[in-house]
Amino acid sequence: MDEPRAVILDLDDTLFDDTACTRAGLLALTQRYGLSCDADDLFRRHAAHIHAIDPLLFRGDLDAHGARTLRFTRLLSDLGVSTPDGTAATGIYREAYRAAWALLDGATDVLHTLRRAGVVTAVLTNYVREVQLDKLAHFGLQTLLDAVLCVDDIGCAKPDARAYHAACAALVVAPGQAVMVGDSWEKDVQGARNAGLGAVWVNRGGIPAPDPAVSQVARLADLPAALGLVPA
């Protein structure tokens, strides 16, 4: 891979361990309401409610708190809780979720390495600015980035080509000079390549790649070498 001028990174489950935090929040809910649930099934149900409600959030019909309240009202109802209090459930979930906040290994170090290499960087995320900036500020990552683009900033989401092109414009580079890095094959690899960018798949689980020709890393520490910025 030729050295890129810009690297655009996903946030959740690329730099920030959103899966672990979400599981911590859901565990707190099951304990509070005395629910006996398979953890993986509960995670999938929760994700399905997010997917159903996100369009309302992205259109501005709900703010982040309203979206959470509706999400947990629906989730608890789905789990058989009578007269679920979505506001109370949101508080329980958020307390545990935030207490579990953590970056994935190598997140800060890789941003420092990219900066030292003279590469401009951005975060491109399919979630709202109110939430994502809070995460970045908590860990001081915003000082290591040249741009942050959230779904409500650009009015479209990955894998829409306009999302990647907006990030390139913010960094003043052409798509062919940029590489998208993330954990989602559809949103961070396939979409970026269709938009004319390079891509690196963060594949921590060792899943067989749909296209083995795509560069991939199992950990962020290996990203600079995959980008040709340091010796492998």
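Going by the structure above, here's the rest.
Predicted model only: the values in this text are computed from it and were never measured.

To continue, consider the overall build of the protein chain. Each helix and strand counted, the protein chain has 10 helices and 6 strands in total. The C-alpha radius of gyration of the protein chain comes to 18 Å, within 12% of the 17 Å expected for a compact globule of 232 residues. In terms of principal-axis extent, the alpha carbons of the protein chain reach across some 55 × 35 × 35 Å. Here the protein chain holds 232 residues, and the buried ones make up 46% of them.

The next point concerns the sheet that holds strand S5 (residues 198–202). Spatially, 6 strands are ordered S3-S2-S1-S4-S5-S6 in an open sheet, and the strand pairing comes out parallel. Every interior strand has two partners, whereas the edge strands, strand S3 (147–150) and strand S6 (215–217), have only one. For this sheet the average axis-to-axis angle between neighbouring strands, irrespective of direction, equals 25°. In this sheet, S5 lies alongside strand S4 (residues 178–182) in parallel orientation, the contact comprising 4 bridges. Looking across to S5, one finds that Gly 182 is bridged to Trp 201. Helix H8 (residues 161–171) rests against strand S1 (6–9), strand S2 (120–125), S3 and S4 of the sheet, and its axis sits at about 150° to S2.

For the rest of this paragraph, the subject is unusual backbone geometry. With an omega of 15°, the peptide bond running from Lys 158 to Pro 159 counts as cis. Along the chain, the position of Pro 159 falls in the loop between helix H7 (151–154) and H8. Despite not being glycine, Thr 83 has its phi angle at roughly 40°, a positive value. Among the secondary structure elements, Thr 83 is positioned in the loop between helix H3 (64–78) and helix H4 (86–99). Judged by relative accessible area, which is 76%, Thr 83 ranks as exposed. Positive phi, close to 60°, is recorded for Val 172, a residue that is not glycine.

On to the nonpolar core, then. Ranked by internal contacts, the top residues of the largest apolar core, which has 42 residues, are Leu 9, Leu 111, Leu 114, Val 181 and Leu 227. With residues near it in sequence (within four places) discarded, Leu 9 still touches Leu 15, Leu 111, Leu 114, Ala 122, Val 123, Leu 124, Met 180, Val 181 and Leu 223. Counting 18 residues, the second-largest nonpolar core is a separate cluster that includes Ala 122, Leu 149, Met 180 and Ala 195.

What follows concerns empty space enclosed by the protein. Following the criterion strictly, the structure yields 1 cavity of 30 Å³ or more and no others. Considered as a void within the structure, the largest cavity measures approximately 30 Å³ in volume. Forming the boundary of the largest cavity are Leu 26, Leu 29, Thr 30, Leu 35, Leu 42, Leu 75, Leu 76 and Leu 79. Counting only elements with at least two residues in the lining of the largest cavity, the list comes to helix H1 (18–33) and H3. Among the residues making up the lining of the largest cavity, the classes are represented as 7 nonpolar, 1 polar and no charged.

Thresholds applied
Residues numbered from 1 in each chain as written. Predicted model: local features only at pLDDT ≥ 70, side-chain atom pairs only at ≥ 80, totals over all residues. Heavy atoms only, no water. Helix = DSSP H or I, 4+ residues; strand = E, 2+ residues; numbered from the N terminus. Rg over C-alpha atoms; globule rule 2.2 N^0.38 Å. Buried < 20%, exposed > 50% of the residue type's maximum accessible area, 1.4 Å probe, protein only. Pairing = 2+ DSSP bridges. Axes fitted to C-alpha atoms, helices over the stretch in contact; angles between N-to-C directions. Contact = heavy atoms within 4.5 Å. Core = buried A, V, L, I, M, F, W, Y, C linked by side-chain atoms within 4.5 Å. 1 Å grid on protein atoms, 1.4 Å probe; cavity = no way out; pocket = protein on both sides within 12 Å on 5 of 7 lines; lining within 4 Å. Points joined across faces, edges and corners; volume = space filled by probe spheres on them. Nonpolar A, V, L, I, M, F, W, Y, C, P; charged D, E, K, R; others polar.

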